[in-house]
Amino acid sequence: MESEQLMSGSGPRYYQMQSEPSPSRMSSFFPFTQSVPPESTRIFDELPKAAIVSVSRPDAGDISPMLLSYTIEFQYKQFKWRLLKKASHVFYLHFALKKRLFIEEIHEKQEQVKEWLQNLGIGDHAPIVQDDDEPDDDAVPLHHDESAKNRDVPSSAALPVIRPALLRQSSMSDRAKVAMQEYLNHFLGNMDIVNSREVCKFLEVSKFSFSPEYGPKLKEEYVMVKHLPKIAKNDDSDRCCACHWFNCCNDNWQKVWAVLKPGFLALLGDPFDTKPLDIIVFDLLPASDGNGEGRVSLAAEVKERNPLRHTFKVTCGILSIRCRTKSSAKVKDWVAAINDAGLRPPEGWCYPHRFGSFAPPRGLTEDGSQAQWFIDGRAAFDAIASSIEDAKSEIFICGWWLCPELYLRRPFREQASSRLDALLEAKAKQGVQIYILLFKELSLALKINSDYSKRKLLSIHENVRVLRYPDHFSTGVYLWSHHEKLVIVDYQICFIGGLDLCFGRYDTFEHKVGDNPPSVWPGKDYYNPRESEPNSWEDTMKDELDRGKYPRMPWHDVHCALWGPPCRDVARHFVQRWNYAKRNKAPYEEAIPLLMPQQHMVIPHYMGRSKEIEFESKNVDENNKGIKRQDSFASGSSLQDIPLLFPQEAELDSCSGFPKSNGLDSTASKSVSFALRKSKIEAAVADTPMKGFVDDLGSLDLDMERSSDVKRQPGSKLSDPEWWETQERGDQVGFLDEAGQVGPRTSCRCQIIRSVSQWSAGTSQIEESIHCAYCSLIEKAEHFVYIENQFFISGLSGDEIIQNRVLEALYRRIMRAYNDKKCFRVIIVIPLLPGFQGGLDDAGAASVRAIMHWQYRTICKGHNSILHNLYDLLGPKTHDYISFCGLRAYGKLFDGGPVATSPVYVHSKIMIIDDSAALIGSANINDRSLLGSRDSEIGVLIEDKELVDSRMGGNPWKAGKFALSLRLSLWSEHLGLRRGEVFQPSSIVNYFTFRLCSFNWTWRSVL
């Protein structure tokens, strides 16, 4: 079956015809208790069209009209699909329609007799309705004889199809074509008939056929499955006539309606159902089946011992289902259709994309892919609260830790309605469906009490569903966690990054250490894990720390919002994880449904050469021939990343050990506006000793006097010189951000990357696309790498203990810059101390000491550390290439109180490359987060398309609006520079270098 779709907006909802009664109801005429089911949505709200494309026969010498095959093209709104039908199919359809008409006429007569008996006082039903009584508004109107006749398809229309005049073969085919067209016009011209189950089965349509969010219409049909629990049905359509006496068909095989879409295969109890009984979400398949027979297929035919049984199997990840059809031809059709939907590029989800990711790069065209960054909890939580308040249909939340009593806006006494449970309750009462995935921790190791969070959330409303995963004893997973932090609203906007919706995360650029009396951080939200971890989170408004004695731990983090196709990719990841957890935790719990991912068509942009991805290849020095570079930035991408037909497999370079890139593709999307405003950050231009490293301030002097210095060049996509101060506001009202914590909403190239495996998402492949992206981006960096992360534990080549190779990538890139005698800088910001309870010398602080040991091993201690290896070759020049920094805050605990200090806990997980690309997510730089087989993580690589004039390495440079604005805001916060301040030295870069010295001495003192 061929299919085609012209995408459009979301489809409307309609009403369904009355369902067919069971035979047992027909045989009973007294009492007259016909059950009229409630109206549900129809499949068609306007009449479809049909055209006979061709008429064929299996054998040219066979003149039997019943063997004629008709290729029919149907069109409904923007959807087109083709079906191959025989004259016998028309015969069965006609018989089914006549049967339905006969049954409806009997029911109409039954109602007339019932009413007559009630008028005589014989019936035992409701009181007689007198003529002057008004009918009930909720009563379902009965069909009348006239309407039943209108639903009749005359046999005279079907007879020419079944027995066309026997003339010459060409004439018979022409007559058969005309006869079929006339017959189709009979029932396609009647709204009641076209929405009947018989016609919908003939047309192979269901409730999901014409939903644009699920992609084009592909194959649909009844199949038999065995793995599902018993499906309650009102009819015995899947049983033979002898089952009433002998129960001969009770072999656990059940008839279900299979719906194939580009991203999944769903099984429904009925074409009119809207909740799937089961679903296979297509995902990456192994490159080989292990037997040398090539790539694993998504679907394959199964040879049965009984030649009368025809079976095929669909396998993706650890999920496998068997389906039976009526013939071997149908098996072949299903296998071909499923493999075509899942494997054929570029639409297929079963091939790996760049970095080995499940998701392709988005935004290669103007498809609505947009991103916006938020620094620290206040900015991100306010945006999340606004999006939840605007939710219309569904909310997905995924977190390592979630506190229902968290206030998303402060001061908390004035923002009571912003408490997370209150926001979710308000939306749930409006009918918004809320799905929350929580990490189920080992209570002996962590004190985040996810069981309390689940109970609290479930008590909010029945529209709130919560799953905790994994079950440690049944899965055997004790050491690893679900570490993603996601909020997805209506498939339109998602939030991704390092911030959990939990206590201790709300903070501002000031990073205050005190709050006494409490106005910003209530109760246990005044949080310092270095001093004390609460044993219980239930009494949330009760202080855990003495506010007059202990400071809170300031929390630094970075989050971002995504719109368009990247948002759908994140939602697909959530759906995949939700369905896997549901199958393991609550397989038979009807209140927890399976979810279906919404689809964005992937447009094959690589069919031609795009101006935005053209580049000039650069020669690599002979000393670095072993390192194969891959260009993936917005400013230039290697055409080897863009295959002409089939994307190559993600693999490691045999020389460097770094991942090769895969193909690019993109999608089209419709975005929802969510514009926020960014305040100014002042900067000045000066010729500094660091200009060889980065000199970008010429374009970002935000005094209005110098804004005219920004030069525009023909053919380049440059932003308005005032982009830093004003942004598009869209159709939603944004909020003011005077502290520079909210970035511009920009059009970007985005790719979702993640760390998942079988235990965490049910995949057959270990995906470590975050790790691959880190290594690849560092290798391609031309001027600088800026990293903020909670941990920094990595290994050099040959390290058998630490397996991730972020450190190796940094080492190679620095050595290449040194050999080429070029300026290059790596700046890494991490916490001064791990965020675990206890002092370094405390007996119970083993976790603190262990983490610091591995970080020392990575940074400076032993032959596996980067500073040790660089010093051996570069000597004192090492610090011209790489610096490690930490942050600290101080202030009064209360007015007139003592001054206290505390390390600022750097919890962000970001990397900025050359002011052109930014990687933001939940993954730490350690083996837990990057290897894929351990913690589950998710992130996004954002490559700028909106460029501003800048300078880099002393030369003009087109910097990206997203990456550049994020870096400048982070640096201004870390260095204490605020809007309107006049600071010396005049160059923020030089000032950053100056402050680095003190940071480095602080770090060395800790070491």
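Relevant structure appears above.
Residues numbered from 1 in each chain as written. Predicted model: local features only at pLDDT ≥ 70, side-chain atom pairs only at ≥ 80, totals over all residues. Heavy atoms only, no water.

*Asks:* Any details on the state of the cysteines? Residues and values, ideally.
*Replies:* Simply put, the disulfide is a covalent bond whose two ends are the sulfur atoms of two cysteines. Counting across every chain of the model gives 0 disulfides. The cysteine Cys775 is free of any disulfide, with Cys772 supplying the nearest cysteine sulfur at 7.0 Å. Exposure remark for Cys775: the relative accessible area of 2% places this residue in the buried category. (Disulfide = S-S within 2.5 Å. Buried < 20%, exposed > 50% of the residue type's maximum accessible area, 1.4 Å probe, protein only.)

*Asks:* Please set out the packing of helix 17 (residues 806-820) against helix 19 (residues 866-874) residue by residue, giving values where relevant.
*Replies:* Where helix 17 contacts helix 19, the two axes come as close as 11 Å, and the packing angle between them is 15°. With respect to their mutual orientation, helix 17 and helix 19 come out roughly parallel. Relative to helix 19, helix 17 is oriented so that their crossing is right-handed. Judged by residue contacts, Leu807, Leu810, Tyr811, Ile814, Met815 and Tyr818 of helix 17 engage Ile866, Asn869, Leu870, Leu873 and Leu874 from helix 19. Grouping the constituent residues of the contact of helix 17 with helix 19 by class yields 10 nonpolar, 1 polar and no charged. (Axes fitted to C-alpha atoms, helices over the stretch in contact; angles between N-to-C directions. Helix = DSSP H or I, 4+ residues; strand = E, 2+ residues; numbered from the N terminus. Parallel < 35°, antiparallel > 145°, perpendicular 65-115°, else oblique. Left-handed = near helix turned anticlockwise from the far one by under 90°. Contact = heavy atoms within 4.5 Å. Nonpolar A, V, L, I, M, F, W, Y, C, P; charged D, E, K, R; others polar.)

*Asks:* Please set out unusual backbone geometry residue by residue, giving values where relevant.
*Replies:* The omega torsion of the bond from Arg410 to Pro411 falls at 0°, within 30 degrees of zero and hence cis. Examined against the element boundaries, Pro411 turns out to sit in the loop between strand 13 (394-399) and helix 11 (420-429). Cis geometry marks the peptide bond from Tyr469 to Pro470; its omega dihedral reads 10°. A positive phi angle is found at Lys77, which is not glycine, with a value near 55°. Here Lys77 lies in the loop between strand 3 (69-76) and strand 4 (79-86). The backbone phi angle of Asp490 is positive, close to 55°, even though this residue is not glycine. Its place among the elements puts Asp490 in the loop between strand 16 (486-489) and strand 17 (493-497).

*Asks:* Hey, could you go over the pairing of strand 12 (residues 370-375) for me, with residue numbers and the actual values?
*Replies:* Across the 6 residues that make up strand 12, a large majority, 6, are buried. Because side chains alternate across strand 12, one face comprises the buried residues Gln370, Gln372 and Phe374, and the other comprises Ala371, Trp373 and Ile375, equally buried. Here strand 12 runs beside strand 19 (residues 558-563); their pairing, made up of 6 bridges, is antiparallel. Residue pairing in the sheet places Ala371 in a bridge with Leu562 of strand 19. Judged from the 2 bridges that link them, strand 12 and strand 24 (residues 746-756) form a sheet pairing that is antiparallel. By the bridge assignment for strand 24, Ala371 is matched with Thr746. (Pairing = 2+ DSSP bridges.)

*Asks:* So what about a nonpolar patch on the surface? Which residues, and what values?
*Replies:* Among the surface-exposed residues, Phe473, Tyr478 and Leu479 lie close enough to one another that they form a single nonpolar patch of about 400 Å² accessible area. For Phe473, the position within the fold is in helix 13 (residues 472-475). (Patch = residues over 30% accessible without salt bridge, like charges linked within 9 Å, V, L, I, M, F, W, Y side chains within 5 Å. Areas by Shrake-Rupley, 256 points an atom, 1.4 Å probe, with all protein chains shown as cover. Salt bridge = Lys/Arg side-chain N within 4 Å of Asp/Glu carboxyl O.)

*Asks:* Outline the pattern of salt bridges, supporting the account with residue identities and numerical values.
*Replies:* Counted according to the given criterion, the structure contains 37 salt bridges. When the shortest N-O distance is used, the salt bridge between Glu220 and Lys217 registers 3.4 Å. A residue is classified by how much of its surface remains accessible, and Glu220, at 0% relative accessible area, is buried. One salt bridge connects Asp525 with Arg410, and the closest N-O pair in it is separated by 2.7 Å. Of the two residues, Asp525 sits in the loop between strand 17 and strand 18 (555-556) while Arg410 sits in the loop between strand 13 and helix 11, which places them 115 residues apart along the sequence. Given the relative accessible area of 1%, Asp525 is considered buried. What makes Arg410 buried here is its relative accessible area of 11%. Through salt bridges with shared partners, a single network forms among Lys219, Glu221 and Lys330.

*Asks:* Residue-level account of the sheet that holds strand 5 (residues 220-225), with values.
*Replies:* Sheet architecture is open: 7 strands sit in the order 8-7-6-5-11-10-9, paired in antiparallel fashion. Strands at the two margins of the open sheet, each flanked by one partner only, are strand 8 (278-281) and strand 9 (299-302). Averaged over all pairs of adjacent strands, the angle between strand axes in this sheet comes to 35°, irrespective of strand direction. Bridge count between strand 5 and strand 11 (residues 319-325): 2 bridges; the pairing is antiparallel. Bridging from a neighbouring strand, Met224 pairs with Arg324 of strand 11. Its contacts with the sheet put helix 9 (residues 328-343) on strand 5, strand 6 (254-261), strand 7 (264-268), strand 9, strand 10 (310-316) and strand 11, and the angle it makes with strand 10 is roughly 15°. Sheet strands touched by helix 14 (residues 565-585): strand 8 and strand 11. Its angle to strand 8, the strand with the most contacts, is close to 135°.

*Asks:* Tell me about the packing of helix 10 (residues 376-389) against helix 11, and please be specific about residues and values.
*Replies:* Two numbers describe a pair of packed helices, the interaxial angle and the distance between the axes. Here helix 10 crosses helix 11 at 20°, and the two axes come no closer than 10 Å. When the interaxial angle is binned, helix 10 and helix 11 end up roughly parallel. Helix 11 is crossed by helix 10, and the crossing has left-handed handedness. Only Leu420, Leu423, Leu424 and Lys427 of helix 11 make contact with helix 10, whose side of the interface consists of Ala385, Ile388 and Glu389. Residue composition of the contact of helix 10 with helix 11, by class: 5 nonpolar, no polar and 2 charged.

*Asks:* Would you mind going over the side chain of Ser902 in detail, with residue names and values included?
*Replies:* Along the chain, the position of Ser902 falls in strand 30 (residues 899-903). When near neighbours in sequence (up to four residues on either side) are disregarded, Ser902 contacts Val513, Asn528, Pro551, Arg552, Met553, Pro554, Arg888 and Ala889.

*Asks:* Tell me about helix 11, and please be specific about residues and values.
*Replies:* Residue pairs three or four apart in sequence face the same way in an α-helix, which turns once every 3.6 residues. Three or more residues of helix 11 are buried, namely Leu420, Asp421, Leu423, Leu424, Lys427 and Ala428. Projection of helix 11 onto a plane perpendicular to its axis shows the buried side chains occupying an angular sector of 160°, all on one side. Residues of helix 11 that are buried sit in contact with helix 10, strand 13, strand 14 (433-439), helix 12 (450-458) and strand 15 (464-469). Directly beyond the C-terminal end of helix 11, a positive phi value near 95° is found at Gly431. (Arc of directions from axis to C-beta.)

*Asks:* Can you lay out the packing of aromatic side chains for me, pointing to particular residues and giving the numbers?
*Replies:* As enumerated under the stated definition, the model contains 26 aromatic pairs in all. On the basis of an interplanar angle of 65° and a centroid distance of 5.7 Å, the ring pair of Phe396 and Tyr435 is categorised as edge-to-face. Note that Phe396 is positioned in strand 13 and Tyr435 in strand 14, a separation of 39 residues in sequence. Here Phe396 matches Tyr435 in class, with each residue buried. Relative to Trp578, the ring of Tyr435 lies with its centre 5.3 Å away and its plane at 80°, an arrangement referred to as edge-to-face. One end of the pair, Tyr435, is in strand 14; the other, Trp578, is in helix 14, and 143 residues separate them in sequence. As far as the burial class goes, Tyr435 and Trp578 line up, both buried. Connected via pairs of aromatic rings, a cluster forms that spans Phe44, Phe74, Tyr76, Phe79, Trp81 and Phe210. If you follow Lys255 out to its NZ or CZ, it ends over the ring of Tyr222, 4.5 Å from the centre. (Phe/Tyr/Trp six-rings, centres within 6.5 Å; stacked < 30°, edge-to-face > 60°. Lys NZ or Arg CZ within 6 Å of the ring centre and 35° of its normal.)

*Asks:* Describe in detail the pairing of strand 6, supporting the description with residues and values.
*Replies:* Among the 8 residues of strand 6, 8 are classified as buried, and the element is accordingly described as predominantly covered. What you see with strand 6 is no split at all: Gln254, Val256, Ala258 and Leu260 on one side and Lys255, Trp257, Val259 and Lys261 on the other are buried throughout. Taken together, the 6 bridges between strand 5 and strand 6 define a ladder with antiparallel strand orientation. Paired with Glu221 across the bridge in strand 6 is Ala258. Counting the residues that bridge the hairpin from strand 6 to strand 7 gives 2 residues.

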